[in-house]
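# Chains, contacts and geometry: an overview
The chain contents come next:
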Amino acid sequence: MVLGGLLISAGYHSETLPVTRLTWRDLSGRSWQWQALESQRAVVFVTLSSRCPAVPRYAPRLNALYQTYQPRGISFFGVYPEPDESDEGVHSHAHQMGFQFPIVRQDAPALAKSLGATHVPQVFVVSPKGKVLYTGAIDSVTQREVGQHAYLRAALDAVVNRKPIRIAHTPVVGCFLALPETPTPSTKSAEVTFAEHIAPILYNKCTPCHRPGDIGPFPLETYNDAKRWAREIQYYTERRLMPPWKAVPGYGEFKNATALTDEEIQQIARWVSSGMPAGDLSKAPRPPKFQAGWLLGEPDLIVEAPEYELDGTVGDEYRYFVIPVELPENKVIVAIDIQPGNREVVHHANMFVDTSGQARKLDAADPKPGYENFGGTGFIPVMMLGGWVPGQRPITLDKPFAVVLPRRFDLVMQGHYFKRGKRETDRTRVGLYLADRKPTHKPVQLLVLGNRNLRIPPGERNYRIRVQWRTPTDRPLYAVAILAHMHLIARGCEVKARTPDWRTIPLLRIDDYDFNWQQTYYYKEPVVLPPGTIIEAEGWYDNSSHNPNNPSNPPREVRYGEGTYDEMFYIFIGVHDPKAKTSYLIPASL
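For the structure given in this document, a descriptive report is provided here. (Residues numbered from 1 in each chain as written. Predicted model: local features only at pLDDT ≥ 70, side-chain atom pairs only at ≥ 80, totals over all residues. Heavy atoms only, no water.)

Moving on, we get to the state of the cysteines. Within this structure, the stated rule accounts for one disulfide. Through a disulfide, Cys52 is tied to Cys175; the S-S separation comes to 2.2 Å. Here the S-S torsion is close to 90 degrees, and the disulfide linking Cys52 with Cys175 is therefore right-handed. Of this pair, Cys52 sits in the loop between β5 (42-47) and α1 (55-69) while Cys175 sits in strand β11 (residues 175-176), placing them 123 residues apart in sequence. (Disulfide = S-S within 2.5 Å. Helix = DSSP H or I, 4+ residues; strand = E, 2+ residues; numbered from the N terminus.)

Following this line, the structure appears as structure tokens:
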């Protein structure tokens, strides 16, 4: 529709036009044109998608911003421009998110194209004359519900107070925006195709998490799935953010590695840059099948956490559930399978053993099922029985190693929940696989290296902390697994062993530590630590505003503690001591 030769309906043209020359219709049927908005101090457009997992996290914040600034002369529009969205799907998603501002679907592609949108969610603050005053991220919150900068709020404050916007452009953390494109025909046969090259990579390393009902925010089971998320796949694999594997190659040989090789990463990049060719799909491998039950067969003993209901907010929640366990006589634990009841919200789960009764006291003091405690268990564990992270397979100790515990103990499950803005429930269950105890079984102990003398000054970009421990001088130890635990401003760690004959044995190195991706790494073969070996561990932290994970703005002094803004430095190593008769904790902390 043309009005005075200036306004053109956003849905009926292919060329890019200034947003001031467009007209669009929202879901209520109301038609909008720029003249009706010229009296406003600014107009905010935010790109949205029913498929982008970042949108639910931002929905409450967008509504709060709308409520604050709409009465002060700022208009808001939510724009769903992707071609594979349906009107019904957009209606449903916008309703589920509870968006209070007008939503545009029909004319959204041209609006997004006019604004130069590239990501979801991406915001544009436009002046009454059509000038983009700010574009980029809503704020600096990415994985956790803390952030240093409220970019959109700062921009809108400047607008309503008639002051210059200090930061006019920021990078967006979210999903790539898929807009209608004209396909470019190729006369050459593709060198890299989904069927031959990409499907084997995805099915082996990605689909175990990216499938319906699991933690992956979108499925990667078909060619269409991979094509739809191709740019995200390339972006995250090139930066080695996915699959989540933090151990640096060459610092320990692990049997549960999920990291992609350089060749696999390059193949994905070539596939995307060549237009995501399918190849002969009849020759593609079949997507993997996943059993709904227990992968190792029916466990010998199944224990369950109480059902827990998550509220309808967005963010992270940490909960500890106390599960009484009684083992049959003369049994050892040789494998454990942890099955979250709701994998869409369980980020990870760790299993600790308590025989002190302290966890029960903490549970009794909390009116909800379990108890809340960030950063630590609230008691000294007798043992740790591993954990579950996205894509984790059952934990199996190779013969002759086993966990040897008292018949009765409390299994304390630490659940890290990622709440998605709606009420959810979870009831995680744990399957224990047992074996008759034999003289040949070798009990596994848990060595805990730690240093509580943390005092990180504000602004310090490379704070270092160290701890070391000497193994017994009369016998070797055998390391079978390792886990690093730090908090939000941690950047990396390294663990190595120095033998009496001056050899160095690398045990673990992480250069891009992420609190949200803590994993237990299992050695392919037990690492022999000769008598008198010194295990050295070092961690480093960035307490400056340059660290995007820093929850404090401005940075503040950070000390040891279990709070969200506190820090820790612990290295857990599963070892076997030939003199040991049972499994237990070996404290080696300062």
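In this structure, Trp24, Phe45, Ile74, Phe76, Phe99, Phe194 and Trp271 are the most contacted members of the largest nonpolar core, which totals 78 residues. Ignoring sequence-local partners within four residues, the contact set of Phe76 consists of Val44, Leu65, Tyr66, Tyr69, Phe101, Pro102 and Leu156. Formed by 50 residues, the second largest nonpolar core is a distinct cluster that contains Phe321, Met351, Phe401 and Phe572. (Core = buried A, V, L, I, M, F, W, Y, C linked by side-chain atoms within 4.5 Å. Buried < 20%, exposed > 50% of the residue type's maximum accessible area, 1.4 Å probe, protein only. Contact = heavy atoms within 4.5 Å.)

Turning our attention to the pattern of salt bridges. With the rule as written, the count across this model stands at 28 salt bridges. Across the pair Lys246 and Asp512 runs a salt bridge whose closest N-O atoms are separated by 3.3 Å. Note that Lys246 is positioned in the loop between α7 (230-238) and α8 (262-273) and Asp512 in the loop between β29 (504-510) and β30 (521-529), a separation of 266 residues in sequence. Salt-bridge contacts for Asp577 lead to Arg475; the nearest nitrogen and oxygen are separated by 2.6 Å. (Salt bridge = Lys/Arg side-chain N within 4 Å of Asp/Glu carboxyl O.)

This next bit is on the packing of aromatic side chains. Between two aromatic rings, the relevant description is the distance of the centres plus the angle of the planes. Going through the model one piece at a time under the given rule, you end up with 26 aromatic pairs. Ring geometry for Phe254 and Tyr521: centres 5.4 Å apart, planes at 50 degrees, overall tilted. Residue Phe254 is found in the loop between α7 and α8, and its partner Tyr521 is found in strand β30; the two are separated by 267 residues along the sequence. For the residue pair Phe254 and Tyr521, the accessibility class agrees, reading buried in each case. Taken together, Trp24, Trp32, Trp34, Phe45 and Phe77 form an aromatic cluster joined through their ring pairs. Just above the ring of Trp32 sits the side chain of Arg30; from NZ or CZ to the centre is 3.7 Å. (Phe/Tyr/Trp six-rings, centres within 6.5 Å; stacked < 30°, edge-to-face > 60°. Lys NZ or Arg CZ within 6 Å of the ring centre and 35° of its normal.)

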